[in-house]
Every structure is written in structure tokens, then in C-alpha cells.
Amino acid sequence: MSLPLEGRSAIVTGAGRGLGRAEALELARLGAAVVVNDFGQPGRDGSGAASATPAEEVAAGIRAAGGRAVAHTGDVADHQQARELVELAVGEFGQLDILVNNAGILRDRMVFSMSEDEWDSVIRVHLKGHFNTTHFAAAHWRARSKAADAPVYGRIVNTSSEAFLAGSAGQPNYAAAKGGIVGLTTSTALALAKYGVTANVICPRARTRMTADVFAGFQEPAGDGAEDRLDPLAPEHVAPLVGYLASPAAAQVNGQLLVVHGGMVAVVERPRVAAKFDTKQDAFTYDELDALLTPHYADRPTGETFAAAEVLGLKHE
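For every chain, the first residue of the written sequence is number 1, and numbering continues from 1 along that sequence. Two thresholds apply to this predicted model, a pLDDT of at least 70 for residue-level local features and 80 or more for giving and counting side-chain atom pairs, whereas whole-chain, interface and lining totals are computed over all residues. The basis for every side-chain value is the complete set of non-hydrogen atoms in the structure, without hydrogens or water.

Draft legend 1. Here's a closer look at the overall build of the protein chain. Numbering of helices and strands starts at the N terminus; helices are DSSP runs of H or I of at least 4 residues and strands are runs of E of at least 2. What the protein chain contains, in helices and strands, is eight helices and eight strands. A compact globule built from 317 residues would reach a C-alpha radius of gyration of about 20 Å, and the protein chain, at 21 Å, matches this within 12%. Type-normalised accessible area, obtained with a 1.4 Å probe on protein chains alone, sets the label of each residue: buried when under 20%, exposed when over 50%, and partly exposed for intermediate values. The proportion of buried residues among the 317 residues of the protein chain is 45%. By definition, residues are in contact when any of their heavy atoms lie within 4.5 Å. Looking at the protein chain alone, contacts between residues at least 24 apart form 69% of all its contacts between residues at least 6 apart. Working definition of accessibility: Shrake-Rupley area with a 1.4 Å probe, residue cover restricted to the visible protein chains. On the protein chain, roughly 16000 Å² of surface is accessible, and the fraction owed to carbon and sulfur atoms is 54%. Here the positive residues are Lys and Arg and the negative ones are Asp and Glu; neither His nor the chain ends is included. Lysine's charge is taken at NZ, arginine's at CZ, aspartate's at CG and glutamate's at CD. In the protein chain, the 28 positive side-chain charges and the 37 negative ones have mean positions that sit 6 Å from each other. When we talk radius of gyration, it's over C-alpha atoms, and the globule rule is simply 2.2 Å times the number of residues to the 0.38.

In C-alpha cells:
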């Protein structure tokens, strides 16, 4: 019986550590040839010298297990290096079938304390990085589809965050970038559907180098047999969903947002219109809006916003 991704090729960005590493290993386990991308800077804030070691070690591990993999150590937020990443996949494996965007950094600060550089750098790596790779992958699939005069196989899995869904007060740059990635994903899903390509976005929760302090209070399994139990926040809980979304089985899943962690996957519904008001005149006046909107919000719970903080309470039952 063939593996679900046998004969397919994939790019995983930020795959030298954490979530990206687990995702690259899972895609390889399912049969895909993988380009392991990681810029290799040691700091979770993007600080420190770039290193080829993280990407090369993951690629070597895939090859040692009998799979096919090459490393790419470029910066996906650089437009030309993102082009070279896609070109490497096509040159090495003949074509690109799957793109998993995961690379990112954190530079947390309250909005009133955040510097311009802290804002720009996070938007650059997350949002521009997702756009860059998506742009070149999409161009590749569109050209192939036009040449074949038929749809091709293409899968994009992007990485957003619960910080966007719930509203993370100390991460305005990160939350904004992750919200932008959702918009990029839904736009891409509609634009590329006719070429046979799907694009979906996940909001994962995992204990990684980037979130070590965030989840410091969440204990790993302890007691007898703990070494045999998977940490509820292990990246390995997320990777199978990425493998599924990258597979032929997910052909009908497009433009969707899913929260995943700890043995749980939640499909998040798109926003719905909660209320609608029509003016009784040619145009609204201040007084009319006051008469309509002020009572509407008067009885709403204090602190309730468009953010969906309830997603933070989701867990495996």
C-alpha cells in the first residue's frame, strides 16, 4: 500500500526546530520528499548569527530514515531567497506539491512600548515571509496548470495563532501578522482553486523554543510511565493535521481555519453578522446611531470584543 504523499514534494519553512521540524518529519514519514528550510538564528526574536546546522540536521535525519530531503538555509522574508527556495524544490524533485509556512519570530511588547523595529521585524518574517513563498509557489502551480490545460496538485498550509483569534495584549505585532496570514490564506484559497490548489491555515499550540516561557506552567507528563506519554503540548500533536491537509484526502478542504493541539482539532467557523441596523433617513445621523447602537452594546459583557477568547479554553476531552 502506497503512502499518502508518495511521489510528492514539499517545502517546510522554519523546519529546523519545534513545529516545523515535527511537520517536516511527518511529511517525510507520509512519503513526501522535503526541502527543510530554516535560517538558523538561535534567538526566538531573530537574533544571533544564521546557521545551516538546524536545517541540515533535520534533512540528514530524514535521509537516514530512508526519505529524501535537502536543506535550505535562506531567509524566507527575503523575496529573492524565497524564490530560490521554490526553485530548489523544483530543481531537486522535479516540481513542488506542498508548501508549509511555519517560520517566525517573537518580539513581544505592549503596544505603547513597542518600537518600530519590533513591529516591522515580526510583520516581515511572519506575514511577508508567508507571502513570498506563497507567491512563487502559486506562480509555479499556475504555470504548470496552464501548460497542462488542467488542474494540478497543490497544497498550502499556513500558520496563524490563537494570539490572533483571542487577542494577545502583549503581542500586537504577532497578533496582527497572524491575522494578516488568515486574510492571505483565504484570498489565496479563492485565487488558486481553479488551478487545483488548496490553502488552509492552522492555529497550533505547542511547547517550542518560541513558547517555552509561555507554557512554563503547563507541566509535562509525570509519574510512572511518563516517559512513554506524549507531552500534551508536543509539536507532534500538530504535525498529523499538517500531513492530512497536505494529502489528497483533503481535496475538499479549502480556505479553512483549524485550531490544533494536544489531541484536539477544532474547525473555526467564519464570522457571522450579529446585528444589522438600517437608517430611516437618507443617511445615518449621530443621534440615530446613538439611539440604535448604544442600547445594543449596553448589556454586553464587560471586556467582550470581536476577539474569540473562548478558543483558549479548548482542550481534548
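Draft legend 2. Up close: the packing of helix α4 (residues 116–148) against helix α6 (residues 172–192). Interaxial angle, 0 to 180 degrees, is taken between N-to-C directions of lines fitted to C-alpha atoms, where a helix line uses only the stretch in contact. Closest axis-to-axis distance for the α4/α6 pair is 8 Å, and the angle between their directions is 15°. It follows from the interaxial angle that α4 and α6 lie roughly parallel. In terms of crossing hand, the pair formed by α4 and α6 is right-handed. Counting all contacts with α4, which are made through Glu118, Trp119, Val122, Ile123, His126, Leu127, His130, Phe131, Thr134, Ala138 and Trp141, the residues of α6 involved are Pro172, Asn173, Tyr174, Ala176, Ala177, Lys178, Gly180, Ile181, Leu184, Thr188 and Leu192. For this classification, Asp, Glu, Lys and Arg are treated as charged, while Ala, Val, Leu, Ile, Met, Phe, Trp, Tyr, Cys and Pro are nonpolar and the rest, including Gly, are polar. Here the contact of α4 with α6 is built from residues that sort into 14 nonpolar, six polar and two charged. For classification, angles of less than 35 degrees are called roughly parallel, those exceeding 145 degrees roughly antiparallel, those between 65 and 115 degrees roughly perpendicular, and all remaining angles oblique. Note on convention: the crossing is left-handed when the near helix lies turned anticlockwise from the far helix by less than a right angle, right-handed when the turn is clockwise.

Draft legend 3. Here's a closer look at the environment of Glu118. Tracing the chain through its elements places Glu118 in helix α4. By relative accessible area, Glu118 is classed as buried at 12%. Along the sequence, Glu118 and Asp108 sit ten residues apart, while their C-alpha atoms lie 7.9 Å from each other. Apart from residues lying up to four places away in sequence, Glu118 is in contact with Arg107, Arg109, Ser113 and Asn173. As used in this structure description, the phrase polar contact means that two N or O atoms lie within 3.5 Å; if the pair is within protein, one of them must be able to donate a hydrogen and the other to accept it, and residues adjacent in sequence are counted only when both atoms belong to side chains. A distance of 2.4 Å separates a polar atom in the side chain of Glu118 from a polar atom in the side chain of Arg109.

Draft legend 4. Broad picture of the side chain of Thr159. The residue Thr159 is located in strand β5 (residues 154–159) in this model. Sequence-distant contacts of Thr159, defined by excluding residues within four places in its chain, comprise Asn101, Asn102, His130, Lys178, Ile181, Val201, Ile202 and Pro204.

Draft legend 5. Up close: the pattern of salt bridges. Every case where a carboxyl oxygen of Asp or Glu lies within 4 Å of a side-chain nitrogen of Lys or Arg is listed as a salt bridge. Enumeration over the complete set of coordinates arrives at ten salt bridges. The salt bridge partner of Arg8 is Asp97, with a shortest N-O separation of 4.0 Å. With a gap of 89 residues between them, Arg8 in the segment before β1 (9–12) and Asp97 in the loop between α3 (79–93) and β4 (98–100) connect regions that are remote in the sequence. In this structure Asp97 comes out as buried when scored by relative accessible area, which is 0%. A salt bridge links Asp38 to Arg17, with the nearest nitrogen and oxygen atoms 4.0 Å apart. Pair noted here: Asp38 is in the loop between β2 (33–37) and α2 (53–64) and Arg17 is in the loop between β1 and α1 (18–29), with a separation of 21 residues, a long-range link.

Draft legend 6. Spatial organisation of the nonpolar core. Nine residue types can take part in a nonpolar core, namely buried Ala, Val, Leu, Ile, Met, Phe, Trp, Tyr and Cys, and a core is a set of them joined through side-chain atoms within 4.5 Å. If you look at the biggest cluster of nonpolar residues, it comprises 32 residues, and the most contacted ones within it are Leu27 and Val36. Put simply, the parts of the chain that give this core at least two residues each are β1, α1, β2, α2, β4, α7 (239–245) and β7 (257–261). Residues contacting Val36, with those up to four places away along its chain left out, are Val12, Ala15, Ala24, Ala55, Val58, Ala59, Ile62, Val70, Ala71 and His72. Counting residues in each nonpolar core, the second largest holds 24 residues, with Ala33, Ala137, Trp141 and Val152 among its members.

Draft legend 7. View of α1. The span one expects for a helix is its residue count, reduced by one, times 1.5 Å. Its twelve residues give α1 an end-to-end C-alpha distance of 17 Å, which sits within 8% of 16 Å, the value for a rise of 1.5 Å per residue. Restricting attention to buried positions, one finds in α1 the residues Leu19, Gly20, Ala22, Glu23, Ala24, Glu26, Leu27 and Ala28. Structurally, α1 contributes buried residues whose contacts are with β1, β2, α2, β4, β6 (197–204) and α7. Of the residues flanking the end of α1, it is Gly31, one or two places downstream, whose phi is positive at about 110°.

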